[in-house]
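Here's the letter readout for the chains.
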Amino acid sequence: MTDLQVKSTEQNGLHLHLGATDKFKTISIMLMVNAPLQEETVTARALIPHVLQGGTKDHPNRKRLKQKLEEMYGATLTADVQKKGEAQVITFRMDVASEQYLKDSVSLVEEALTLLHQLVYQPVLEDGVFVTQTVEQEKRSLKQRIASIYDDKMRYANVRITEEMFQHEAYRLPPYGREKDLDQLNSQTLYDAYQSMLEQDRFDLYVIGSFQEEEVKQTVSRVFTEQHKAVNTVKPTKADKEIEQVHIVHDEQQVKQGKLHLGYRTHSTFSDDDYEAARVGNALFGGFPSSKLFINVREKESLAYYAASQIESHKGVLMVMSGIEFDKYDRAVEIIQEQEKAMKKGDFSEAEVEQAKGMLLNQALEALDAPRGIAELSYHEIVANHRKSIQERIENIKTVTKEDVVRAVSKWELDTIYFLKGQGEKA
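Attention here is on the structure that accompanies the text. If you're wondering where the values come from, they're calculated on a predicted model, not measured in any experiment. (Residues numbered from 1 in each chain as written. Predicted model: local features only at pLDDT ≥ 70, side-chain atom pairs only at ≥ 80, totals over all residues. Heavy atoms only, no water.)

**Some details on the sheet that holds strand β3 (residues 26-36)**
To be explicit about the condition: Two strands form a pair only when DSSP identifies at least two bridges running between them. Where helices and strands are cited, they refer to DSSP runs of H or I of at least four residues and of E of at least two residues respectively, numbered from the N terminus. Throughout, an axis means a line fitted to C-alpha atoms (over the contacting stretch in the case of helices), and angles, computed between N-to-C directions, take values from 0 to 180 degrees. Note on contacts: a residue pair is in contact if any heavy atoms of the two residues lie within 4.5 Å.
Pairing is mixed across the open sheet formed by six strands, whose spatial order is β1-β2-β8-β3-β5-β4. Pairing within the sheet leaves two strands with one partner each, and these edge strands are β1 (7-11) and β4 (76-84). Along the sheet, successive strands turn relative to each other by an average axial angle of 20°, direction set aside. With five bridges connecting them, β1 and strand β2 (residues 14-20) associate as antiparallel partners. Bridging across to β2, serine 8 finds its partner in histidine 17. Across the sheet, helix α1 (residues 42-52) touches β3, β4 and β5 (87-97), and the angle it forms with β5 is around 15°.

In structure tokens:
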């Protein structure tokens, strides 16, 4: 258990979150940049963090940037883009050694904050825009990453069911962008999108590890001098569409194993009182190897190579994923829905509820054993625009009862059934 408190302040519109603790040998610095998922900007924003890693004003290429990181006792720098509800979040991460474990007296946190600031606010430019060679190289890399998702059929099926289930909602968009947008992007259009990001997006900076809070506040104030626009995060939108008829979609490809995915609207998100009960419900349903889907669909009936479910915290979505033989489609759909009905009828024991809660608590405690995990857990409050501390969430899980779970899962509604089958195969 942790008694770490993440303290939040605001400097020039930049939201600063500090978690000072001597528990770790490294310090994690994470800058989250939050904007609405939008068709017009999703691919440009997905490219920006990769182009920015091409170099800064003082370290103008990847090689020089890497040398600088090595000089900082092997510091690491990464970036990625994620979807959280209907927000697209760009995250820059730096990890540096805690200064107390170094022989030399250096201010690694200040160096790391300065380098991160340069990366985001002082990129290397060519004629006032991003370097064309870097942009084209990153466009090719993104195209390859998107193609790799097509080759990973479980991920592909997840992309397709999301597109079908949320046809008229921003949630349908993939956070890593779309291949069809790439030809429209060049050094100028991407730089324009970058400028818009600096002016319009919400910036949250986390520093977790061993440091003096006041010193870090002063460093951030000195380094991050830009005035950020005072914007809230994207207002969470639940998956509350009224379902008149289950949407069924079958695709065909040259695959050897069928991918059967079922999408449910849970009507529970992070800010709802029954959110933790819904998470316990998912743990019982398909979240762990002891769950109903794993035991009944995979083990007892031998219908699936794998069967599991996962819950999304900010949109209110539960996805069931399974890999099956093509001719097992009808029986697999039937038995998955039987498990859903059993959950709603309370066909599980108090002991199973306690076991599911224990696994969720272990999962949370494992995340709290790393600075990055603490920042990730804390950021849920920002995305949801709802205060619910990590400690409060842990206590909420402990108090969930069987009746709470039944009440939460009774709201689940099946929206879409997606099946990826072999060409010419019947289902």
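**Comments concerning the packing of aromatic side chains**
Test applied: Between the rings of Phe, Tyr and Trp (Trp by its six-membered ring), a pair exists once the centres lie within 6.5 Å; its type follows the angle of the planes, with under 30 degrees stacked, over 60 edge-to-face, and the other angles tilted. Working definition: with a 1.4 Å probe on protein chains only, accessible area under 20% of the residue-type maximum means buried, over 50% means exposed, and in between means partly exposed. Only when the NZ of Lys or the CZ of Arg is both within 6 Å of the ring centre and within 35 degrees of the ring normal is a charge said to sit over the ring.
Within the structure shown, the criterion is met by 12 aromatic pairs. Relative to tyrosine 275, the ring of phenylalanine 270 has its centre 5.6 Å away and its plane inclined at 55°; by these criteria the two rings are tilted. Look at phenylalanine 270 and you get buried, because its relative accessible area is 1%. Ring pairing ties together the aromatic residues Tyr121, Phe203 and Phe224, which thus form one cluster. Over the ring of tyrosine 171 we find lysine 83; its NZ or CZ atom is 4.1 Å from the centre of that ring. Between lysine 402 and the ring centre of phenylalanine 348, over which it is positioned, the NZ or CZ distance is 5.5 Å.

**Observations concerning a negative patch on the surface**
Counted only if it meets this: Residues forming no salt bridge and having over 30% relative accessible area are the ones grouped into patches, like charges within 9 Å of each other and nonpolar side chains (Val, Leu, Ile, Met, Phe, Trp, Tyr) within 5 Å. Calculation of accessible area relied on Shrake-Rupley with a 1.4 Å probe; when residues are assessed, cover is drawn exclusively from the protein chains displayed. By salt bridge we mean one thing: a side-chain nitrogen of Lys or Arg within 4 Å of a carboxyl oxygen of Asp or Glu. When charges are counted, Lys and Arg contribute as positive and Asp and Glu as negative, whereas His and the chain ends are disregarded. By convention, charge coordinates are those of NZ in Lys, CZ in Arg, CG in Asp, or CD in Glu.
Together, Glu252, Glu325, Asp327 and Glu425 make up a negatively charged patch on the protein surface. Within the fold, glutamate 425 resides in the segment after β13 (413-422).

**Examining the sheet that holds strand β11 (residues 304-312)**
Across the sheet, five strands lie side by side as β9-β13-β10-β12-β11; this open sheet has mixed pairing. Of all the strands in the sheet, just β9 (247-253) and β11 have a single pairing partner and so form its edges. Across this sheet, the average inter-strand angle for adjacent strands is 15°, counted without regard to direction. Here seven bridges tie strand β10 (residues 258-265) to β13, and the two strands are oriented antiparallel to one another. When the sheet's bridge partners are listed, leucine 260 is paired in β13 with phenylalanine 419. Its contacts with the sheet place helix α8 (residues 275-287) against β11 and β12 (317-324), and it is angled at close to 175° to β11.

**A few points about the pattern of salt bridges**
For the structure on display, the rule yields 34 salt bridges. For glutamate 381, the salt bridge identified is with arginine 393, shortest N-O distance 3.7 Å. One end of the pair, glutamate 381, is in helix α12 (residues 371-384); the other, arginine 393, is in helix α13 (residues 390-399), and 12 residues separate them in sequence. A relative accessible area of 11% means that glutamate 381 is categorised as buried. Relative accessible area serves as the criterion here: at 8%, arginine 393 is assigned to the buried category. Through salt bridges that share partners, Glu86, Glu169, Arg265, Lys315 and Asp415 make up one connected network.

**Let's talk about the environment of glutamate 214**
Position of glutamate 214 among the secondary structure elements: in helix α7 (residues 213-223). In this structure the C-alpha to C-alpha distance between glutamate 214 and lysine 398, which are 184 residues apart in sequence, comes to 35 Å.

**Let's talk about unusual backbone geometry**
One non-glycine residue, tyrosine 73, lies in positive phi territory at about 55°. Looking at the secondary structure, you find tyrosine 73 in the loop between α2 (62-71) and β4. Here tyrosine 73 falls in the partly exposed class, since its relative accessible area comes to 38%. The phi torsion at aspartate 127 lies on the positive side, around 55°, for a residue other than glycine. Mapping aspartate 127 onto the fold places it in the loop between β6 (125-126) and β7 (129-130).

All we've got here are geometric facts, nothing functional implied.
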